[in-house]
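Examining the three-dimensional arrangement
Residues per chain are reported as follows:
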Amino acid sequence: MVEFWDIYLLPALIIVGKILLIVVPLLVAVAYLTLYERKVMAVMQLRKGPNVVGPFGLLQPIADGVKLFFKETVVPTGANKVLFLLAPMVTFILSLIAWAVIPFDEGMVLANINVGGLYLFAISSLGVYGIIVAGWASNSRYPFLGALRSAAQMVSYEVSIGFVIVTVLLCAGTLNLSGIVMSQKGDLGLLNWWFVPLFPMFIIFFVSILAETNRHPFDLPEAEAELVAGYQTEYSSMAFALFFLGEYANMILMSAICTILFLGGWLPPADWAIFTWIPGIIWFGIKIAVLLFVFIWVRATLPRYRYDQLMRLGWKVFLPFSLLWVVVTAGFLVYFDKVPA
Amino acid sequence: MIISTIAFYLFAALTIASAFMVISAKNPVHSVLYLILAFFNSAALFVLLGAEFLAMILIVVYVGAVAVLFLFVVMMLDINFAELRQGFLQYLPIGGLVGIILLIELILVVSGWVLTPDAIKIGMETAPLVSNLTNTEQLGQVIYTQYAYLFQIAGMILLVAMIGAIVLTNRKRPGVRKQNIARQVYRRPEESMAVRKVEPGQGV
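Keep in mind that what you see is a predicted model, and the values were worked out from it rather than measured. (Residues numbered from 1 in each chain as written. Chains lettered and ligands numbered in written order. Predicted model: local features only at pLDDT ≥ 70, side-chain atom pairs only at ≥ 80, totals over all residues. Heavy atoms only, no water.)

So, the overall build of chain B
The helix and strand tally for chain B stands at nine helices and zero strands. Taken from N to C terminus, the helices and strands of chain B fall in the order α-α-α-α-α-α-α-α-α. When burial is assessed residue by residue, chain B has 16% of its 204 residues classed as buried. Looking at chain B alone, contacts between residues at least 24 apart form 56% of all its contacts between residues at least 6 apart. A total accessible area of about 16900 Å² is found for chain B, and carbon and sulfur atoms account for 69% of it. (Helix = DSSP H or I, 4+ residues; strand = E, 2+ residues; numbered from the N terminus. Buried < 20%, exposed > 50% of the residue type's maximum accessible area, 1.4 Å probe, protein only. Contact = heavy atoms within 4.5 Å. Areas by Shrake-Rupley, 256 points an atom, 1.4 Å probe, with all protein chains shown as cover.)

As structure tokens, this is what we get:
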């Protein structure tokens, strides 16, 4: 019995504890990301934003959550019930499990696996299922159109995301995410991060993650002017809330991936004492917050893309360019004998 | 480890069960979803074998891309499910015959499989362990160093197949209004705009 406790139960409990340590702050972050978005957009549009519930509207996300929780779950008569309810769960779960391999600080990672980069790529490519299944199971025109758009869009932009990840891997010489962060450590601090030598890829990656998370200006799957609310038209109550949470958790996740690949993860921007006193996880959070600000900034600024232009950008601009850049980077590394061992 | 044994049997059973559901599900969309479940469980089996790179590639390529396109096509099919059920008994004899022939062939092939003594001897020896390399690096060394040319040829064949498919299906339709981005960008106000003084009550 004691053996059973030592070998199986205790490690299992520790892992569950670690998972809760990641998931609970993440959900709080998602709740406050919605407030952050509304406040930032309000300031950009000379409004006040939510300011009634709690001081400065700080309790607004909780009020929203409670409201959604007490609404009625409506399942349309013609819908495929199992898949209809499965789809939001898939979206939500996929946006959580990717966090298993994200390193928050040196050694602060749930699963430090060797193929971390590939794992993230695999999980982000699965995100399309929640949306496409939701659209089909709703058995309704607008959700179906939204789902088809989303499937085509996410598959297209994944290709260039893949090539961007390959370039970073070529430079870092490892698929391990902690290893990728450590490869950006150096005397120059901020200038050692991969976004300096790979600046064009950084831009491509950022635009692609906007498309991958279905955010403005690529939010065609839920374009409210044309498709009511796209794939989530028929959803209400907690099913809708799960889509919402999943979408925002995905935004944070993609910003975290971008931080790890290009912005040096938990590393401080310079090796000065003031900066190194601040723990790495705070740096990681600050970088994610900056990227999320850009997400919101883009939403408040740019008009929506037309669908054919979206496809043109993905296949005719990003794909050839990122493919070329992979070849150029590989050639550079081999020619100057800088291939990481 | 008892846990990994239990995990193996769980994933293996799920793989077989979902593979069976792929062919027996009435609704083709459900079939594709079961196919995805089967891919997932096979990926889990790869992880149990220690081949994490293959597991991830299986998910990225098959679940992330191929199955999405399957689903995409299958969802747009216009199928009458009642009609689909009617044909089942009608085609059962032919389908069953084909299945039985395939089964017999498989049994004949597997039972007739003879290994030479040398091959058995090689199989008995343990492979040299290169423990300090991850299996991503090992695969890379085999594919990109040892079999680099074959790998390139395989890639070229796939590329040719892709271009062939595009050429065969691409139709040039006259009269399609396409957006020419370069022309739009290079358009100057002088070419496309004219400012006229319009007399009141006369029009242009």
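That covers the picture; the talk isn't over yet.
Points about the packing of aromatic side chains
Evaluated as defined, the whole model comprises 25 aromatic pairs over all chains. Measuring from ring centre to ring centre gives 4.9 Å for B:Y144 and B:F151, while their planes differ by 70 degrees; the resulting arrangement is edge-to-face. (Phe/Tyr/Trp six-rings, centres within 6.5 Å; stacked < 30°, edge-to-face > 60°.)

Let's talk about the interface of chain A and chain B
Listed as interface residues are 27 residues of chain A and, on the opposing side, 27 residues of chain B. Taken together, the two surfaces of chain A and chain B that pack against each other cover about 2300 Å², and 79% of this comes from carbon and sulfur. Three residues stand out in chain A for area buried against chain B, namely A:Y8, A:Y129 and A:W136, and they jointly supply 24% of the buried area on that side. Summed over the shared surface of chain A and chain B, the result is zero salt bridges. Counting every contact that joins chain A to chain B gives three residue pairs in polar contact (both at pLDDT 80 or more). Among the elements of the structure, α4 (116-137), α5 (141-172) and α12 (307-335) of chain A are those that each provide at least two residues to the side of chain A that touches chain B. Taken together, the residues of the side of chain A that touches chain B sort by class into 19 nonpolar, four polar and four charged. (Buried area = accessible area lost by both parts, 1.4 Å probe. Salt bridge = Lys/Arg side-chain N within 4 Å of Asp/Glu carboxyl O. Polar contact = N/O pair within 3.5 Å; in protein donor to acceptor, adjacent residues only side chain to side chain. Nonpolar A, V, L, I, M, F, W, Y, C, P; charged D, E, K, R; others polar.)

Quick word on the side chain of B:T15
Residues and elements named next belong to chain B. Mapped onto the secondary structure, T15 falls in helix α1 (residues 2-24). In this structure the side chain of T15 is engaged in a polar contact, spanning 2.6 Å, whose partner is the backbone oxygen of F11. Once you skip the residues sitting within four places of it in the chain, T15 turns out to touch A38, N41, S42 and L45.

A word on unusual backbone geometry
In most cases, non-glycine residues show a negative phi, while peptide bonds are predominantly trans. Residues and elements named next belong to chain A. Looking along the chain, the bond that leaves H216 and enters P217 is cis, with omega of -5 degrees. Tracing the backbone through its elements, the reader meets P217 in the loop between α7 (199-212) and α8 (224-227). A positive phi angle is found at L46, which is not glycine, with a value near 55 degrees. Assignment of secondary structure puts L46 in the loop between α1 (2-44) and α2 (60-69).

Here's the deal with the state of the cysteines
Each disulfide consists of a covalent bond between the sulfur atoms of two cysteine residues. Residue and element names in this part refer to chain A. A full pass over the atoms with the stated rule returns zero disulfides over all chains. C258 provides the cysteine sulfur closest to C171, a residue in no disulfide bond, and the two sulfurs are 15 Å apart. In this structure C171 comes out as buried when scored by relative accessible area, which is 14%. Relative accessible area serves as the criterion here: at 0%, C258 is assigned to the buried category. (Disulfide = S-S within 2.5 Å.)

Notes on helix α3 (residues 52-76) of chain B
Each full turn of the α-helix corresponds to 3.6 residues, which orients residues three or four apart in the same direction. The end-to-end C-alpha distance of α3(B), which contains 25 residues, comes to 34 Å, matching closely the 36 Å that a straight helix rising 1.5 Å per residue would cover. In the structure, α3(B) departs most strongly from a straight axis at B:A67, where the bend amounts to approximately 35 degrees. Considered for burial, the residues of α3(B) that qualify are B:A55, B:M56, B:L58, B:I59, B:V60, B:V63, B:G64, B:A67, B:V68, B:L71, B:V74 and B:M75. Contacts made by the buried residues of α3(B) are with α4 and α5 of chain A together with α2 (28-49) of chain B. (Expected span 1.5 Å × (residues − 1). Bend = angle between axes of the 7 residues up to and from the residue.)

A few points about the pattern of salt bridges
As a working rule, side chains carrying opposite charge can pair if their charged atoms are close by. Residues and elements named next belong to chain A. One pass over the structure, following the stated rule, counts five salt bridges over all chains. The salt bridge partner of R215 is E37, with a shortest N-O separation of 2.6 Å. Here R215 is found in the loop between α7 and α8, whereas its partner E37 is found in helix α1, with 178 residues between them in sequence. For the pair R215 and E37, a shared accessibility class is recorded, and that class is buried. Here D308 and R306 are joined by a salt bridge, their closest N and O atoms 2.8 Å apart. Given a relative accessible area of 40%, D308 falls into the partly exposed group. Each of E37, R215 and R299 takes part in one network of salt bridges that share partners.

Here's the deal with the side chain of A:R149
Secondary-structure assignment places A:R149 in helix α5. Excluding residues within four positions of it along the chain, A:R149 makes contact with A:L220, A:A223, A:E226, A:L227 and A:Y307.

Notes on the environment of B:Y62
All names here are of chain B. By the secondary structure assignment, Y62 is in helix α3. Taking relative accessible area as the criterion, Y62 reaches 38% and is therefore assigned partly exposed. Taking the C-alpha atoms as reference points, Y62 and I16, separated by 46 residues in sequence, lie 17 Å from one another.

Quick look at a positive patch on the surface
On the surface, A:R312, A:K316, B:R171, B:K172, B:R173 and B:K178 cluster together into a patch of positive charge. Structurally, B:R171 can be placed in the loop between α7 (148-169) and α8 (181-186). When its relative accessible area of 64% is taken as the criterion, B:R171 is described as exposed. (Patch = residues over 30% accessible without salt bridge, like charges linked within 9 Å, V, L, I, M, F, W, Y side chains within 5 Å. Lys, Arg positive; Asp, Glu negative; His and termini not counted. Charge placed at Lys NZ, Arg CZ, Asp CG, Glu CD.)

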